[in-house]
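Topology and contacts: notes
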Amino acid sequence: MQQEVVLALLAKEPSHGYQLRARLRQALGPLGEGMNAGQVYVTLTRLEKAGLVAAEPSAGLPDRPDRKVYELTPAGQQRVADWLGEVGWPGPAPAEFHLKLVAAAAARLADPLTIVDAQRRELLRRLRDAQRAAMAEPDGSEAGLLLEGLVLRLQADLRWLEACERHWMSRKDRS
Amino acid sequence: MTEDAALLSCCGLRKTYGKDAGLVRAVDGVDLDVAAGETVAIMGPSGCGKSTLLHLLGGLDRPSGGEVRLAGSRVDQMSERALARLRQDAVGFVFQAFHLMDELTAVENVELPALLAGRPARTARRRATELMERVGLADRAGFLPAALSGGQRQRVAIARALVGEPRVVLADEPTGNLDSAATLEVLRLFESLHVAGQTLVIVTHDSRIAATADRMISMRDGAFIDETRLTGGTRGDLGALAGLEGP
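Just so it is clear, the structure is predicted and the values come from calculations on it, not from any experiment.

Some details on the overall build of chain B
Helices and strands together make up the secondary structure of chain B, namely eight helices and ten strands. The globule rule puts the C-alpha radius of gyration for 247 residues at 18 Å, and the 19 Å found for chain B is close to it. Judged by the C-alpha coordinates and their principal axes, chain B covers about 60 × 50 × 40 Å. Counting only residues that meet the buried cut, chain B has 43% of its 247 residues in that class. Sequence separation of 24 or more characterises 68% of the internal contacts of chain B that already satisfy a separation of 6 or more.

Written as structure tokens, this is what we have:
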């Protein structure tokens, strides 16, 4: 599990590991079903060691070591803020980008539409480069075929961003 | 008008329909400056007001408020007659559905606006023939639209838009009805127009065509919400994208 996703989900409020898992299952639907139950805990332990989250034993359950409440440290908060501003592509898999929007909206850390816009700017720049290179190739060139592949993939990504935009816009209208 | 002033601009542009609870703000306070020779793409979801905006910019529709200026003249205040002249001389339109006359050949479609504008038949034909060549369809000049592919029909429509030597070409979803290969034909043509210094404003859903612009503006709920200057990047990036190097 991507560390930043877990961090961002903690940004809304301190949570138990099982609450984070439930949130991930909800955001990922059937794609989250294959997720190993221990993955979130492994990630949380790593984050704790790295000083990005702090764990407190949960009140009332002192004898259950897994019932810890995790919260972000200032360093963890900074990492989340940096991650929300990143626009690398195809660096983030669709699931990571999706969870970025979900977490940003839940914790009101950033407007999901702003994240979509920033990502779109980045993808359009790449699409422009790929397309210019494709147009400069003579008809039937092998390199042109590869570039066409890049163009089509970027276009698909951009269409998905449009879907993200519609979804988060309608959420905004409802709230 | 000073030299660096925008060729086409609008300020506080609004278009509303209905009233009270049923009021729709199709265009809601848009400011835009398009420099001569610039290609601007306006993108946004269906119903965001981008086509309405294009119609207001080209004098096809009148705004509810705000100003539109083309080469220093107030488009929003023009009489119907002046608007008709503007659409004939200063603005070229390209539409998603081509809007070619089925019973006229390709070259006849291209020359038609010039004939309607009172140009001598011979001059109109000469100009239309040049344009058919420019859009790479000299050998299809005598074909009826039905005998042309979608990409070829749109290229004829673009030639027609250019016949009056317009100051600006306004295109509304020009690749909306085209497949991937035909889109590439139209993209190449727009690129060549851009290189030749033609001012272009394109509203589109198609990220591919938006990516050819100098500037891309996102529109939502009748207003501009984001603007991107799409100037160069690096080919190295593309290598990574294609899986040639690590991210």
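Quick word on the sheet that holds strand β1 (residues 15–16) of chain A
Residues and elements named next belong to chain A. Spatial strand order, β1-β3-β2: three strands in an open sheet with antiparallel pairing. Each edge of the open sheet is held by one strand with a lone partner, namely β1 and β2 (53–57). The sheet contact formed by β2 and strand β3 (residues 68–72) spans five bridges and is antiparallel. Bridging across to β3, Ala55 finds its partner in Tyr70.

Topic: the sheet that holds strand β5 (residues 73–74) of chain B
Residue and element names in this part refer to chain B. Taken in spatial order, the four strands of this open sheet run β2-β1-β4-β5, and their pairing is antiparallel. Among the strands making up the open sheet, the edge pair consists of β2 (24–34) and β5. Sheet topology note: the strand β1 (residues 8–17)/β2 ladder contains eight bridges and is antiparallel. For Leu13, the partnering residue across the bridge sits in β2 and is Val30.

Here we look at the interface of chain A and chain B
Chain A puts 24 residues into the contact, and the matching count from chain B is 22 residues. Among the secondary structure elements, those contributing two or more residues to the side of chain A that touches chain B are α6 (112–136) and α7 (142–174) of chain A. Of the residues that constitute the side of chain A that touches chain B, the class distribution is eleven nonpolar, four polar and nine charged.

Focus: the nonpolar core
Ala41, Leu57, Val110, Met132, Ala159 and Val201 of chain B are the most contacted members of the largest nonpolar core, which totals 74 residues. With six residues, the top contributor of residues to this core is helix α5 (residues 150–162) of chain B. Aside from chain neighbours lying at most four places away, what touches Met132 of chain B is Ala106, Val107, Val110, Leu137, Ala138, Ala141 and Ala159 of chain B. Ranked by size, the runner-up nonpolar core spans 29 residues in total, among them Val6, Val53, Phe97 and Val116 of chain A.

A few points about the pairing of strand β8 (residues 199–204) of chain B
Residues and elements named next belong to chain B. Here β8 lies mainly inside the structure; six of its six residues are buried. Going residue by residue along β8, you find Thr199, Val201 and Val203 tucked away on one face and Leu200, Ile202 and Thr204 tucked away on the opposite face as well. Pairing between strand β3 (residues 39–43) and β8: five bridges, direction parallel. Considered in β8, the bridge of Val40 is made with Val201. The sheet contact formed by strand β7 (residues 168–172) and β8 spans five bridges and is parallel. Bridging from a neighbouring strand, Val169 pairs with Leu200 of β8. Traced from β7 through helix α6 (residues 180–195) to β8, the parallel crossover comes out right-handed.

Details of the pairing of β3 of chain A
All names here are of chain A. Burial along β3 is one-sided: Lys68, Tyr70 and Leu72 are buried, while Val69 and Glu71, pointing the other way, are not. Summarising the sheet, β1 and β3 pair through two bridges and their orientation is antiparallel. In the strand pairing of β3, His16 is matched with Val69.

Quick notes on unusual backbone geometry
Residues and elements named next belong to chain B. Its identity is not glycine, yet Ala71 carries a phi of approximately 50°, on the positive side. Along the chain, the position of Ala71 falls in the loop between β4 (65–70) and β5. Unusually for a residue other than glycine, Phe98 sits at a positive phi of about 65°. Here Phe98 shows up in the loop between β6 (91–95) and α3 (106–116).

Overview of the environment of His16 of chain A
Position of His16 of chain A relative to the elements: it lies in strand β1. For the pair His16 of chain A and Ser58 of chain A, spaced 42 residues apart in the sequence, the C-alpha separation amounts to 8.4 Å.

Digging into the packing of α5 of chain B against α6 of chain B
Residues and elements named next belong to chain B. The interhelical angle for the contact between α5 and α6, taken along N-to-C directions, is 25°, at an axis separation of 8 Å. It follows from the interaxial angle that α5 and α6 lie roughly parallel. Between α5 and α6 lies a crossing whose hand is right-handed. Residues Gly150, Gly151, Gln154, Arg155 and Ile158 of α5 form the contact with α6, whose own contacting residues are Ala182, Glu185, Val186 and Leu189. When the residues that make up the contact of α5 with α6 are grouped by side-chain class, the tally is four nonpolar, three polar and two charged.

Some details on the domain arrangement of chain A
Segmentation of chain A into domains returns domain 1 (1–87) and domain 2 (111–175). Put simply, the middle of domain 1 of chain A and the middle of domain 2 of chain A, counted by C-alpha atoms, are 31 Å apart.

Reading the values: rules and limits
- Residues numbered from 1 in each chain as written.
- Chains lettered and ligands numbered in written order.
- Predicted model: local features only at pLDDT ≥ 70, side-chain atom pairs only at ≥ 80, totals over all residues.
- Helix = DSSP H or I, 4+ residues; strand = E, 2+ residues; numbered from the N terminus.
- Rg over C-alpha atoms; globule rule 2.2 N^0.38 Å.
- Buried ≥ 20, exposed ≤ 12 C-beta atoms within 10 Å, placed from the backbone.
- Contact = placed C-beta atoms within 7 Å.
- Pairing = 2+ DSSP bridges.
- Nonpolar A, V, L, I, M, F, W, Y, C, P; charged D, E, K, R; others polar.
- Core = buried A, V, L, I, M, F, W, Y, C linked by C-beta atoms within 7 Å.
- Right-handed = clockwise from strand over helix to strand, strands pointing away.
- Axes fitted to C-alpha atoms, helices over the stretch in contact; angles between N-to-C directions.
- Parallel < 35°, antiparallel > 145°, perpendicular 65-115°, else oblique.
- Left-handed = near helix turned anticlockwise from the far one by under 90°.
- Domains from an automatic or database assignment.

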